[in-house]
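Fold and geometry: a report
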Amino acid sequence: MRSLAFNITFWVFGIFYTLLAAFAALTPGRGRVRRVVRRYVRAMAWAMRVIAGIAIEVRGRERLPDGLFILAPKHASYGDGFSIYAQFDDLAFVTGDHLERFPLMKTVLKKLGAIVVDNCGGPEARRALTRSAADANAEGRKILIFPEGHLAPVGVYYRYRTGVYHMARDFDVPVVPVASSLGVFWTQDEWTKRPGTAVLEFLEPIPPGLPRGEFMARLQSAVEDRTAELVAEATGRPATPAVLGIPDDENEALRKRPAKVPS
């Protein structure tokens, strides 16, 4: 019953606040759109806690550096964005262009200053990411990017993408890894929600200036190792290292790729 009530609320809030944000986007500046999104995030945090029974315990605030930085969280749940965005007054977040397929969302995302990238990737997507992130950095906004680029099931990780490294290098700002056990209670986009206390933990910042390989290994290890520990804490089972998976869209692309003919 909790899951049904929460899922209905999820869609009702989503439609209502998207319409509200679309009207706000018609006004000058981004202040009104930002306030609508803040209300939406807070409403969803309330719904998670009161309706779904999922409380969020935040740890590691004292590790957040002063000034600008980039947040690089684990992504196992649709609730990740709500729980993290709710901790800050204003964030520039990186999202795939799939959201622009929803009515009115393209206008809202543009006015909000979201960093929208082509899900297909490639050089042009990387250049677009750099341009949009540079605008956010110039405006003094912290940046939220999910380095896996996809929702990963609990116990699985996807290849970490290097966009977060390039932003940290270009803007000379630290990256804060973020671990979470929210996927235990709100798994990816599944219908069923499980009540309990999920932990969102900000980890030790990674300084800029590291070689790419060292940076990416350090980021992945920090996020995945601590997430495994938080999942074990939430489930009461021993901590198990996550295994590498392949997102459905990449798996489909590999399946359709023509086989090489031996020469």
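Cut-offs and rules
- The residue numbers shown here count from 1 along each chain, following its written sequence.
- For a predicted model such as this one, the threshold for reporting local features is a pLDDT of at least 70, and the threshold for listing and counting side-chain atom pairs is 80 or more; totals across whole chains, interfaces and linings nevertheless cover every residue.
- Calculation of side-chain values draws on the structure's entire complement of heavy atoms; hydrogens and water are dropped beforehand.
- Each salt bridge in this description consists of a side-chain nitrogen of Lys or Arg and a carboxyl oxygen of Asp or Glu lying within 4 Å of one another.
- Think of it in three bands: residues with accessible area under 20% of the maximum for their type are buried, residues over 50% are exposed, and the middle band is partly exposed, with areas taken using a 1.4 Å probe on protein chains only.
- A patch consists of residues whose relative accessible area exceeds 30% and which take part in no salt bridge; residues with like charges are grouped when within 9 Å of each other, and nonpolar side chains (Val, Leu, Ile, Met, Phe, Trp, Tyr) when within 5 Å.
- All accessibility values rest on the Shrake-Rupley procedure with a 1.4 Å probe; residue burial counts only the protein chains present in the view.
- Under the scheme used here, helices are H or I runs from DSSP no shorter than 4 residues and strands are E runs no shorter than 2 residues, and both carry numbers assigned from the N terminus.
- Pairing of N or O atoms within 3.5 Å defines a polar contact, subject to two protein rules: one partner must be a possible hydrogen donor and the other a possible acceptor, and residues neighboring in sequence count only if both atoms are side-chain atoms.
- By the counting rule applied here, Lys and Arg register as positive and Asp and Glu as negative, while His and the ends of each chain are not counted.
- Just so you know, the charge point we use is NZ for Lys, CZ for Arg, CG for Asp and CD for Glu.
- Helix axes are fitted only over the stretch in contact, all axes being lines through C-alpha atoms; the angle between N-to-C directions runs from 0 to 180 degrees.
- With respect to orientation, any angle under 35 degrees is reported as roughly parallel, any angle over 145 as roughly antiparallel, any angle of 65 to 115 as roughly perpendicular, and every other angle as oblique.
- Whether two residues are in contact is decided by their heavy atoms, any of which lying within 4.5 Å being enough.
- Charged means Asp, Glu, Lys or Arg here, nonpolar means Ala, Val, Leu, Ile, Met, Phe, Trp, Tyr, Cys or Pro, and polar covers whatever is left, Gly included.
- Note on terminology: a nonpolar core comprises buried Ala, Val, Leu, Ile, Met, Phe, Trp, Tyr and Cys residues joined through side-chain atoms within 4.5 Å.

This part is about the pattern of salt bridges. Overall, the coordinates contain 10 salt bridges when judged by the stated rule. Between Arg 169 and Asp 170 there is a salt bridge, with the nearest N and O atoms lying 3.2 Å from each other. Using a relative accessible area of 46% as the deciding quantity, one classes Arg 169 as partly exposed. What makes Asp 170 partly exposed here is its relative accessible area of 38%. Salt bridges linked by common partners bring Arg 63, Glu 201, Glu 204, Arg 226 and Glu 229 together as one network.

All right, on to a nonpolar patch on the surface then. Side chains of Met 1, Leu 4, Ile 8, Val 12 and Trp 191 sit close together on the surface and give an oily, nonpolar patch of about 580 Å² of accessible area. Looking at the secondary structure, you find Val 12 in helix 1 (residues 2–24).

On to the side chain of His 150. Along the chain, the position of His 150 falls in the loop between strand 5 (142–144) and strand 6 (156–157). By relative accessible area, His 150 is classed as buried at 17%. A polar side-chain atom of His 150 sits 3.0 Å from a polar atom in the side chain of Arg 161.

Moving on to a positive patch on the surface. Together, Arg 32, Arg 35, Arg 39 and Arg 42 give the surface a local cluster of positive charge. Position of Arg 35 relative to the elements: it lies in helix 2 (residues 31–50).

Where helix 1 contacts helix 2, the two axes come as close as 9 Å, and the packing angle between them is 175 degrees. Here helix 2 runs roughly antiparallel to helix 1, going by the angle between their axes. Contact with helix 1, carried on its side by Arg 2, Phe 6, Thr 9, Phe 10, Phe 13, Gly 14, Tyr 17, Leu 20, Ala 21 and Ala 24, involves Arg 32, Val 33, Val 36, Arg 39, Tyr 40, Ala 43, Met 44, Trp 46, Ala 47, Met 48 and Val 50 of helix 2 and no other residues of that element. For the contact of helix 1 with helix 2, the residue count by class is 16 nonpolar, 2 polar and 3 charged.

Looking now at the nonpolar core. Counting 47 residues, the largest nonpolar core has Phe 6, Ile 54, Leu 71, Ile 84, Phe 88, Trp 186 and Phe 202 as its most contacted members. If one sorts the elements of this core by residue count, helix 2 sits on top with 9 residues. Residues within four places of Phe 88 in sequence aside, it is in contact with Arg 38, Leu 64, Phe 69, Leu 71, Lys 142 and Phe 202. One finds Val 94, Ile 115, Val 164 and Ala 168 within the second-largest nonpolar core, a separate group that totals 25 residues.

Inspection of the secondary structure puts Tyr 157 in strand 6. By relative accessible area, Tyr 157 is classed as buried at 17%. Linking Tyr 157 and Ala 242, residues 85 residues apart in sequence, is a C-alpha distance of 6.0 Å. Sequence-distant contacts of Tyr 157, that is, excluding residues within four places in its chain, are made with Lys 74, Glu 148, Ala 152, Gln 220, Glu 224, Ala 242, Val 243, Leu 244 and Gly 245.

Let us look at the side chain of Thr 187. In this fold, Thr 187 is placed in the loop between helix 7 (182–185) and strand 8 (196–202). One polar contact links Thr 187 to Arg 194, side chain to side chain, over a distance of 3.4 Å. In this structure Thr 187 touches Ala 76 and Arg 194, once residues within four positions along its chain are discounted.

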